[in-house]
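Examination of the molecular architecture
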Amino acid sequence: QLPTGERITFLDTPGHAAFSSMRARGANATDIVILVVAADDGVMNQTVESIQHARKAKVPIIVAVNKCDKPQADPQRVKQELLAHDVVCEEFGGDVQAIHISALKDDNLLALAEATVALAEVLELKADPNGPVEALIIESRTDKGKGPVTTAIVQRGTLKRGCILVAGRCWAKVRFLFDENERAVMEAGPSVAVQVVGWKELPSAGETILEVESERAREVVEWRSHEEEQQKLLEDRSAIELKQKLHLEEYRREREGLSHLSWRQRKAALYRANKTRFSMRPSERVENEDLSLPLIVKGDVDGSVETLLNILDGYDSQEQCHLEVVHFGIGEISENDVNMAEMFGGRSSRWRSLRVLMEVDVFEPELGSMFENSVCSVGLQHQEAGRFRFDLSQYQNWRLSDWRCHGSIYGFNVTASRSIQQLAAKKGVPLRLHSIIYKLIDQLKDELSSKLPPHVSQNTVGEFWSIHCQSDLNQPTGSVYQNRSYQ
């Protein structure tokens, strides 16, 4: 609140490149975008992206040049770089205000607030406090004591306790309202950020909240659910038809190559082509699949989970290592998450190799005695001379935890209780908990890289010719060798 009595609601969005969806949602929710640019770094990729979000939302911009207290700060360079993106400040003949500030020393922060109020008066930004409530969800989360909680900005009307709200496929009867300081409030007018408690289910961030009559809330939710299900059915039907079309084309293409053969020759050719696949049991086919990494993603709020899923969508090496998101959700790590990571984890290549080496032929007696006395003799049964069979069926439960590779649980800004950590350690499920987004991304990259096969390349660093001559029975012979050295 300013000394003159005006109130400004600031919505802070993170600047990391991964939080692009949050910045886009923030631009659509606000009336004025304050573009914060560091005076020492200049215009970055995230700055350009924020400018594009503001233009797409048709929201005016105020430039705040931060870190002006640093010796290497150059605010003039920042404003010149903004010209390349059609952001023209007032000193260059444009209509964009540029304020030099220092968040560390609180320099010119009041001037920035006054510039915001002045622009709001010029644009005549007003809202009607009467009538049905309309708001926008900024974030949603699950609280232990409160249940589903949403943080929303009221855009029209006055939100009060007891109001019936609908957002997407969820509805609520408002039980409590809390401000940004966790203090209970009775009502919230336009441009006020408030936490809403009383949702039956947790709506997604970015949904629009509308106030409805009590008897119509359930009807609206059911109608929206029906429309969404119908849309999903249409999408599934299109995907099935496309799959059938591709399968039919592949079948016809395979038959065209065998059309000149007789039916016996065609049958023999198909048998040779599918011999390996048909000779394997279904369980063995599952085990021989490519490398995979099952993931469970948990976050503190809906926006964090959305960001993590957007990062995983950018993974483009599914042919080498299949990345699969088994489950995602909001809240702390639970026992169900650990059990799910253990259930959906695949078996490693070491377990498959162990099944192949169940039976070994030994032709030397010395080797047979070595097998009997070695550590590998667990489950070793001597059948006949020169032949040994490994029977590990009774030891499978003992070794199963050593040979299974479980899914990983990645959590952002969430915690796991001591009992959950002990359960995960007992079942061999790795917990990757982070509060800094780029550290989580780096660890995910390292885990994926550890599963990929090594990339082998040869670089010729030298080449020479070697001539070797020898004489046998007075008959000279010569040989020429070309040698290369590889690195």
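Residues numbered from 1 in each chain as written. Predicted model: local features only at pLDDT ≥ 70, side-chain atom pairs only at ≥ 80, totals over all residues. Heavy atoms only, no water.

A full pass over the atoms with the stated rule returns 16 salt bridges. As a salt-bridge pair, R77 and E81 come within 2.8 Å of each other at their nearest N and O atoms. Remark: E81 and R77 occur in helix 3 (residues 75-83); sequence separation between them is four residues, near one turn of the helix. For R77, a relative accessible area of 28% corresponds to the partly exposed category. What makes E81 partly exposed here is its relative accessible area of 26%. R156 is the partner of E134 in a salt bridge, and the nearest nitrogen-oxygen pair spans 3.3 Å. (Salt bridge = Lys/Arg side-chain N within 4 Å of Asp/Glu carboxyl O. Helix = DSSP H or I, 4+ residues; strand = E, 2+ residues; numbered from the N terminus. Buried < 20%, exposed > 50% of the residue type's maximum accessible area, 1.4 Å probe, protein only.)

So, about the sheet that holds strand 19 (residues 431-434). Within a sheet, neighbouring strands are paired by backbone hydrogen bonds and run either parallel or antiparallel to one another. The parallel open sheet is built from four strands, whose spatial order is 14-13-18-19. The open sheet terminates on both sides in strands that have one partner only, identified here as strand 14 (322-330) and strand 19. Between one strand axis and the next, the sheet turns through 20° on average, direction left out of account. Inspection of the sheet shows strand 18 (residues 408-412) paired to strand 19 by four bridges, in the parallel sense. (Pairing = 2+ DSSP bridges. Axes fitted to C-alpha atoms, helices over the stretch in contact; angles between N-to-C directions.)

With that settled, consider the sheet that holds strand 3 (residues 98-100). Pairing in this open sheet of three strands is parallel, and the strands run 1-2-3 from one edge to the other. Only two strands of the sheet have a single neighbouring strand rather than two, namely strand 1 (33-38) and strand 3. In this sheet, neighbouring strand axes are inclined to one another by 25° on average, regardless of whether the strands run parallel or antiparallel. As defined by bridge partners, strand 1 adjoins strand 2 (residues 61-66) across six bridges and the pair is classed as parallel. Opposite I34, over in strand 2, you have I62 as the bridge partner. The sheet contacts of helix 4 (residues 109-123) involve strand 1, strand 2 and strand 3, and relative to strand 2 the element is tilted by about 175°. (Contact = heavy atoms within 4.5 Å.)

Moving on: helix 2 (residues 45-57). Taking 1.5 Å per residue as the helical rise, helix 2 with its 13 residues ought to reach 18 Å, and the 19 Å between its terminal C-alpha atoms agrees with that figure. All of the buried residues in helix 2 are T47, S50, I51, H53 and A54. For helix 2, the buried positions fall inside an angular range of 160° around the axis, keeping them on one side. Exposed and oriented more than 90 degrees from the buried face of helix 2 are N45, Q52 and K56. Contacts from the buried residues of helix 2 go to helix 1 (20-29), strand 1, strand 2 and helix 3. (Expected span 1.5 Å × (residues − 1). Arc of directions from axis to C-beta.)

Turning next to the environment of T116. With respect to the helices and strands, T116 occurs in helix 4. The class for T116 is buried, based on a relative accessible area of 8%. For the pair formed by T116 and I62, sequence separation is 54 residues and the distance between their alpha carbons is 7.6 Å. At 2.9 Å, the side chain of T116 and the backbone oxygen of L112 are in polar contact. (Polar contact = N/O pair within 3.5 Å; in protein donor to acceptor, adjacent residues only side chain to side chain.)

Let's shift gears to the confidence of the model for the protein chain. Averaged over all residues, the pLDDT of the protein chain is 78; the fraction at 70 or higher stands at 78%. Note that pLDDT drops below 50 for residues 283-289; the model gives that stretch 11 contacts with residues more than four away or on any other chain. Low pLDDT (under 50) marks residues 479-487, which in the prediction has 30 contacts with non-local residues, meaning those over four places away or in another chain. (pLDDT = per-residue confidence, 0-100.)

Our focus in this paragraph is helix 14 (residues 418-427). Residues I420, L423 and A424 constitute the buried set of helix 14. For helix 14, the arc enclosing every buried residue in end-on projection is 100°, short of the 170-degree limit, so these residues lie on one face. In helix 14, the exposed positions that point more than 90 degrees away from the buried face belong to R418, Q422, A425 and K426.

Next up on the list: the packing of aromatic side chains. By the definition in use, this model includes two aromatic pairs. With 6.3 Å between their ring centres and 45° between their planes, F19 and F412 make a pair best called tilted. Note that F19 is positioned in the segment before helix 1 and F412 in strand 18, a separation of 393 residues in sequence. There is no split in this pair, since F19 and F412 are both buried. One Lys or Arg, K146, reaches over the ring of F178 and ends 4.0 Å from the middle of that ring. (Phe/Tyr/Trp six-rings, centres within 6.5 Å; stacked < 30°, edge-to-face > 60°. Lys NZ or Arg CZ within 6 Å of the ring centre and 35° of its normal.)

Further remarks concern the pairing of strand 13 (residues 292-299). With seven of eight residues buried, strand 13 is to be regarded as a mostly interior element. Alignment of strand 13 against strand 14, held across eight bridges, turns out to be parallel. Considered in strand 14, the bridge of S292 is made with H322. Looking at chain direction, strand 13 and strand 18 are connected through five bridges and run parallel. Residue pairing for strand 18: V297 is matched across the bridge by Y410.

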